[in-house]
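# Analysis of the macromolecular model
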Amino acid sequence: MTVLADAGKGDRYLDPGTCVRLDSLVNDDDQATSEFGVVVHCWLEAGIGMFDCYVAFFGGELPVAELAEAPYVLRYGATSLTVLRDAS
């Protein structure tokens with residue numbers, strides 16, 4: 001999947017439904033891996049002055065058909081996420 005040309009990382013509001021990639025995970029071989037997900041909710045966290053997001057993660061790729069199992073939802077700062085496709 002291609003990253004949007006003007007996207008990338010940074011502190012910004014992400015609309016629910018935005019497809020994202022998280023590149024900060026390391027597997028047993030100390031190799032960087034990616035997980036793919038969709039933003040569920042994003043808000044400005046007043047305590048840190050930055051945007052936080054709940055993201056439904058699907059693992060190594062975004063689903064293209066009906067899900068075999070439910071995604072897991074984790075909280076990450078918008079600065080940790082690479083936008084792949086916006087919600088529109």
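Structural notes, computed from the coordinates. Here the structure is a predicted model, which is why all the values come from computation and not from measurement. (Residues numbered from 1 in each chain as written. Predicted model: local features only at pLDDT ≥ 70, side-chain atom pairs only at ≥ 80, totals over all residues. Heavy atoms only, no water.)

A separate point is a nonpolar patch on the surface. Nonpolar side chains collect at one region of the surface, where V40, Y54 and V73 lie side by side and expose about 250 Å² of accessible area between them. Tracing the backbone through its elements, the reader meets V40 in strand β2 (residues 32–45). (Patch = residues over 30% accessible without salt bridge, like charges linked within 9 Å, V, L, I, M, F, W, Y side chains within 5 Å. Areas by Shrake-Rupley, 256 points an atom, 1.4 Å probe, with all protein chains shown as cover. Salt bridge = Lys/Arg side-chain N within 4 Å of Asp/Glu carboxyl O. Helix = DSSP H or I, 4+ residues; strand = E, 2+ residues; numbered from the N terminus.)

Moving on, we come to the side chain of T18. Among the secondary structure elements, T18 is positioned in the segment before β1 (19–26). On the accessibility criterion, T18 (3% relative accessible area) is buried. In terms of polar contacts, T18 uses its side chain to reach the backbone carbonyl oxygen of D15, at 2.7 Å. Once residues within four sequence positions are removed from consideration, T18 is found in contact with G37, V38, V39, V83, R85, D86 and A87. (Buried < 20%, exposed > 50% of the residue type's maximum accessible area, 1.4 Å probe, protein only. Polar contact = N/O pair within 3.5 Å; in protein donor to acceptor, adjacent residues only side chain to side chain. Contact = heavy atoms within 4.5 Å.)

Moving on to the pattern of salt bridges. Scanning the entire structure with this criterion turns up 3 salt bridges. Taking the shortest distance from any N to any O, the salt bridge between D23 and R21 comes out at 2.8 Å. You can call D23 partly exposed: its relative accessible area is 25%. Residue classification places R21 among the buried positions, given a relative accessible area of 18%. Of the charged contacts in the structure, one is a salt bridge between R75 and D52, with a shortest N-O distance of 2.6 Å. Of this pair, R75 sits in strand β4 (residues 72–77) while D52 sits in strand β3 (residues 50–59); the two residues are 23 residues apart in sequence, bridging distant segments of the chain. A network of salt bridges, in which partner residues are shared, links E45, D52 and R75.

On to the nonpolar core, then. Core analysis: the largest hydrophobic core is formed by 11 residues, namely L14, V20, L22, V39, C42, C53, V55, F57, A78, L81 and V83. Where this core is concerned, the elements lending two or more residues are β1, β2, β3 and β5 (81–85). Per-element accounting of this core gives the leading share, 3 residues, to β3. (Core = buried A, V, L, I, M, F, W, Y, C linked by side-chain atoms within 4.5 Å.)

Moving on to the side chain of R21. With respect to the secondary-structure elements, R21 resides in strand β1. For R21, the side chain forms a polar contact with the side chain of D23, separated by 2.8 Å.

Glancing now at the packing of aromatic side chains. Across all of its chains, the model carries 4 aromatic pairs by this definition. Taking 6.1 Å as the distance between ring centres and 70° as the angle between the ring planes, the aromatic pair formed by Y13 and F51 counts as edge-to-face. Taken as a pair, Y13 in the segment before β1 and F51 in strand β3 lie far apart in primary sequence, 38 residues in all. Given a relative accessible area of 43%, Y13 falls into the partly exposed group. (Phe/Tyr/Trp six-rings, centres within 6.5 Å; stacked < 30°, edge-to-face > 60°.)

Read these as layout, nothing more, since geometry by itself doesn't imply function.
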